[in-house]
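These are the residues of each chain, in order.
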Amino acid sequence: MDEFAITRRTAFVAGALGAVAATTLGKTAIAAEEKKSDTKTNEKIVNDFIAAWNDPNKAVTFLANNCVVRMEEDKPAITGPADVAAAFKRYMGPGEKLDVKILHTYAEGPLVTNKRIDTLTTPSKPPQSFPVVGVFIVKKGKITEWTDYLDV
(Lines give C-alpha, C1' and ligand atoms only; values in the text may rest on other atoms or scores of the structure.)
Protein backbone atom coordinates (compact mmCIF):
# COMPACT_ATOMS: atom_id res chain seq x y z
CA MET A 1 0.00 0.00 0.00
CA ASP A 2 1.23 3.47 -0.89
CA GLU A 3 2.37 5.32 2.25
CA PHE A 4 0.71 8.54 0.98
CA ALA A 5 -2.61 6.94 0.12
CA ILE A 6 -5.65 8.59 1.61
CA THR A 7 -7.77 6.23 3.62
CA ARG A 8 -11.34 6.77 4.64
CA ARG A 9 -10.14 7.35 8.19
CA THR A 10 -7.65 10.02 7.07
CA ALA A 11 -10.28 11.72 4.94
CA PHE A 12 -12.77 11.64 7.81
CA VAL A 13 -10.27 13.10 10.31
CA ALA A 14 -9.19 15.78 7.82
CA GLY A 15 -12.82 16.67 7.13
CA ALA A 16 -13.64 16.85 10.83
CA LEU A 17 -10.62 19.06 11.54
CA GLY A 18 -11.60 21.30 8.63
CA ALA A 19 -15.14 21.63 9.98
CA VAL A 20 -13.82 22.51 13.45
CA ALA A 21 -11.46 25.10 11.94
CA ALA A 22 -14.22 26.64 9.82
CA THR A 23 -16.57 26.83 12.81
CA THR A 24 -13.90 28.35 15.05
CA LEU A 25 -12.85 30.91 12.44
CA GLY A 26 -16.47 31.78 11.81
CA LYS A 27 -17.13 32.34 15.52
CA THR A 28 -13.95 34.41 15.82
CA ALA A 29 -15.01 36.58 12.90
CA ILE A 30 -18.49 37.03 14.39
CA ALA A 31 -17.05 37.89 17.83
CA ALA A 32 -14.67 40.42 16.25
CA GLU A 33 -17.54 42.01 14.32
CA GLU A 34 -19.69 42.17 17.49
CA LYS A 35 -16.82 43.79 19.42
CA LYS A 36 -16.35 46.34 16.63
CA SER A 37 -20.08 47.07 16.70
CA ASP A 38 -20.06 47.44 20.53
CA THR A 39 -17.06 49.76 20.29
CA LYS A 40 -18.82 51.99 17.74
CA THR A 41 -22.01 51.97 19.83
CA ASN A 42 -20.06 52.95 22.97
CA GLU A 43 -18.33 55.78 21.08
CA LYS A 44 -21.74 57.07 19.93
CA ILE A 45 -23.12 56.93 23.48
CA VAL A 46 -20.22 59.09 24.72
CA ASN A 47 -20.57 61.55 21.82
CA ASP A 48 -24.33 61.85 22.39
CA PHE A 49 -23.71 62.35 26.12
CA ILE A 50 -21.26 65.18 25.43
CA ALA A 51 -23.64 66.77 22.91
CA ALA A 52 -26.30 66.90 25.65
CA TRP A 53 -24.19 68.70 28.27
CA ASN A 54 -26.06 71.98 27.90
CA ASP A 55 -29.18 70.10 29.06
CA PRO A 56 -28.11 68.34 32.29
CA ASN A 57 -31.40 66.46 32.66
CA LYS A 58 -30.95 64.94 29.20
CA ALA A 59 -27.22 64.35 29.67
CA VAL A 60 -27.67 62.19 32.75
CA THR A 61 -29.92 59.77 30.86
CA PHE A 62 -26.69 58.37 29.37
CA LEU A 63 -25.35 57.48 32.84
CA ALA A 64 -25.77 54.23 34.75
CA ASN A 65 -27.54 54.44 38.11
CA ASN A 66 -24.29 53.57 39.90
CA CYS A 67 -22.02 55.79 37.78
CA VAL A 68 -18.88 57.34 39.21
CA VAL A 69 -17.95 60.72 37.74
CA ARG A 70 -15.06 63.12 38.17
CA MET A 71 -15.62 66.23 36.09
CA GLU A 72 -12.20 67.36 37.30
CA GLU A 73 -9.45 64.89 38.09
CA ASP A 74 -8.59 66.40 41.48
CA LYS A 75 -12.17 66.64 42.76
CA PRO A 76 -14.08 63.99 44.71
CA ALA A 77 -16.14 61.53 42.71
CA ILE A 78 -19.83 62.17 42.18
CA THR A 79 -22.07 59.11 42.15
CA GLY A 80 -25.44 58.69 40.52
CA PRO A 81 -27.22 60.63 37.78
CA ALA A 82 -29.10 62.98 40.14
CA ASP A 83 -25.88 64.21 41.79
CA VAL A 84 -24.20 64.54 38.39
CA ALA A 85 -27.13 66.66 37.11
CA ALA A 86 -26.83 68.91 40.18
CA ALA A 87 -23.08 69.27 39.59
CA PHE A 88 -23.69 70.21 35.94
CA LYS A 89 -26.19 72.86 37.05
CA ARG A 90 -23.72 74.29 39.61
CA TYR A 91 -20.92 74.30 37.05
CA MET A 92 -22.92 76.17 34.43
CA GLY A 93 -24.59 79.33 35.64
CA PRO A 94 -27.53 81.14 34.06
CA GLY A 95 -26.94 81.95 30.40
CA GLU A 96 -23.71 79.95 30.23
CA LYS A 97 -23.14 77.56 27.38
CA LEU A 98 -20.58 74.84 26.88
CA ASP A 99 -19.26 74.16 23.39
CA VAL A 100 -17.20 71.02 22.90
CA LYS A 101 -14.87 70.33 19.99
CA ILE A 102 -13.74 66.70 19.94
CA LEU A 103 -10.27 66.51 18.42
CA HIS A 104 -9.65 62.76 18.62
CA THR A 105 -11.47 59.70 19.93
CA TYR A 106 -10.09 56.28 20.76
CA ALA A 107 -12.57 53.53 21.52
CA GLU A 108 -11.93 49.87 22.27
CA GLY A 109 -14.65 47.73 23.79
CA PRO A 110 -16.04 49.50 26.89
CA LEU A 111 -13.26 52.14 26.95
CA VAL A 112 -13.79 55.44 25.16
CA THR A 113 -11.32 58.31 25.44
CA ASN A 114 -11.40 61.63 23.73
CA LYS A 115 -9.18 64.64 23.45
CA ARG A 116 -11.22 67.78 23.18
CA ILE A 117 -11.50 71.50 23.76
CA ASP A 118 -14.31 72.56 26.09
CA THR A 119 -15.23 76.24 25.76
CA LEU A 120 -17.43 77.87 28.37
CA THR A 121 -19.24 80.98 27.16
CA THR A 122 -20.60 83.35 29.78
CA PRO A 123 -22.61 86.44 28.85
CA SER A 124 -20.47 89.62 28.85
CA LYS A 125 -17.21 87.69 29.44
CA PRO A 126 -14.63 86.31 27.04
CA PRO A 127 -14.98 82.57 26.36
CA GLN A 128 -12.80 80.26 28.47
CA SER A 129 -11.30 77.24 26.71
CA PHE A 130 -9.95 74.14 28.39
CA PRO A 131 -8.00 71.33 26.69
CA VAL A 132 -9.33 68.10 28.18
CA VAL A 133 -8.86 64.35 27.92
CA GLY A 134 -11.98 62.44 28.91
CA VAL A 135 -11.96 58.77 29.89
CA PHE A 136 -15.26 56.89 29.83
CA ILE A 137 -16.31 53.32 30.56
CA VAL A 138 -19.54 52.19 28.90
CA LYS A 139 -21.31 48.99 29.92
CA LYS A 140 -24.71 47.75 28.80
CA GLY A 141 -25.41 51.00 26.96
CA LYS A 142 -24.72 53.34 29.89
CA ILE A 143 -21.68 55.28 31.07
CA THR A 144 -20.53 53.73 34.33
CA GLU A 145 -17.37 55.81 34.81
CA TRP A 146 -16.18 59.18 33.56
CA THR A 147 -13.12 61.21 34.51
CA ASP A 148 -11.86 64.39 32.83
CA TYR A 149 -8.19 65.38 32.94
CA LEU A 150 -6.94 68.84 32.02
CA ASP A 151 -4.52 68.45 29.13
CA VAL A 152 -1.97 71.10 30.07
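First, a word on what this report is: a plain description of the structure on this page. (Residues numbered from 1 in each chain as written. Predicted model: local features only at pLDDT ≥ 70, side-chain atom pairs only at ≥ 80, totals over all residues. Heavy atoms only, no water.)

So, the overall build of the chain
Quick reminder of the rule: Note on conventions: DSSP H or I runs of at least 4 residues are helices, E runs of at least 2 residues are strands, and numbering of each starts at the N terminus. When a residue's accessible area, from a 1.4 Å probe over protein chains only, is under 20% of the maximum for its type it is buried; when over 50% it is exposed; and in between it is partly exposed. By definition in these notes, contact holds between two residues if any of their heavy atoms fall within 4.5 Å. All accessible-area figures derive from a Shrake-Rupley calculation using a 1.4 Å probe, and residue coverage is judged against the displayed protein chains alone.
From N to C terminus, the chain includes three helices and six strands. Mapped in sequence order, the helices and strands of the chain form the string α-α-β-β-α-β-β-β-β. Split into buried and exposed, the 152 residues of the chain put 31% on the buried side. The long-range share in the chain, meaning contacts at least 24 apart out of those at least 6 apart in sequence, stands at 44%. For the chain, the accessible surface area stands at approximately 10,000 Å², while carbon and sulfur atoms represent 59% of it.

Some thoughts on the sheet that holds strand 3 (residues 97–108)
Counted only if it meets this: Paired strands, as defined in this entry, are two strands with at least two bridges between them according to DSSP. In this analysis an axis means a line fitted to C-alpha atoms, helices contributing only their contacting stretch, and an angle means the value between N-to-C directions, from 0 to 180 degrees.
With respect to topology, six strands assemble into an open sheet ordered 2-1-6-5-4-3, the strand pairing being mixed. The open sheet has two edge strands, strand 2 (78–79) and strand 3, and neither has a second partner. Sheet strands in contact with helix 3 (residues 81–91) are strand 1 (63–70), strand 2, strand 5 (128–139) and strand 6 (142–150), and its direction is about 45° off that of strand 1.

A look at the nonpolar core
Inclusion rule: Only buried Ala, Val, Leu, Ile, Met, Phe, Trp, Tyr and Cys residues count toward a nonpolar core, and they belong to the same one when joined by side-chain atoms within 4.5 Å.
Counting 27 residues, the largest nonpolar core has Phe 49, Trp 53, Val 84, Phe 88, Phe 136, Ile 143 and Trp 146 as the members making the most contacts within it. Counting residues per element, the ones that place at least two in this core are helix 1 (8–51), strand 1, helix 3, strand 3, strand 4 (111–121), strand 5 and strand 6. Here Trp 146 is in contact with Phe 49, Trp 53, Val 68, Val 69, Arg 70, Met 71, Phe 88, Val 135 and Phe 136, once residues within four sequence places are set aside.

Looking at the side chain of Thr 144
Along the chain, Thr 144 falls in strand 6. The exposure class of Thr 144 is buried, given its relative accessible area of 14%.

Points about helix 3
Given 3.6 residues to a turn, an α-helix orients residues that are three or four positions apart in the same direction. The criterion, for reference: It is the directions from the helix axis to the C-beta atoms that the arc portrays.
Buried residues of helix 3: Pro 81, Val 84, Ala 85, Ala 87 and Phe 88, and no others. Along the long axis of helix 3, the arc covered by the buried residues comes to 160°, so they all point the same way. Within helix 3, the exposed residues directed more than 90 degrees away from the buried face are Ala 82 and Arg 90.

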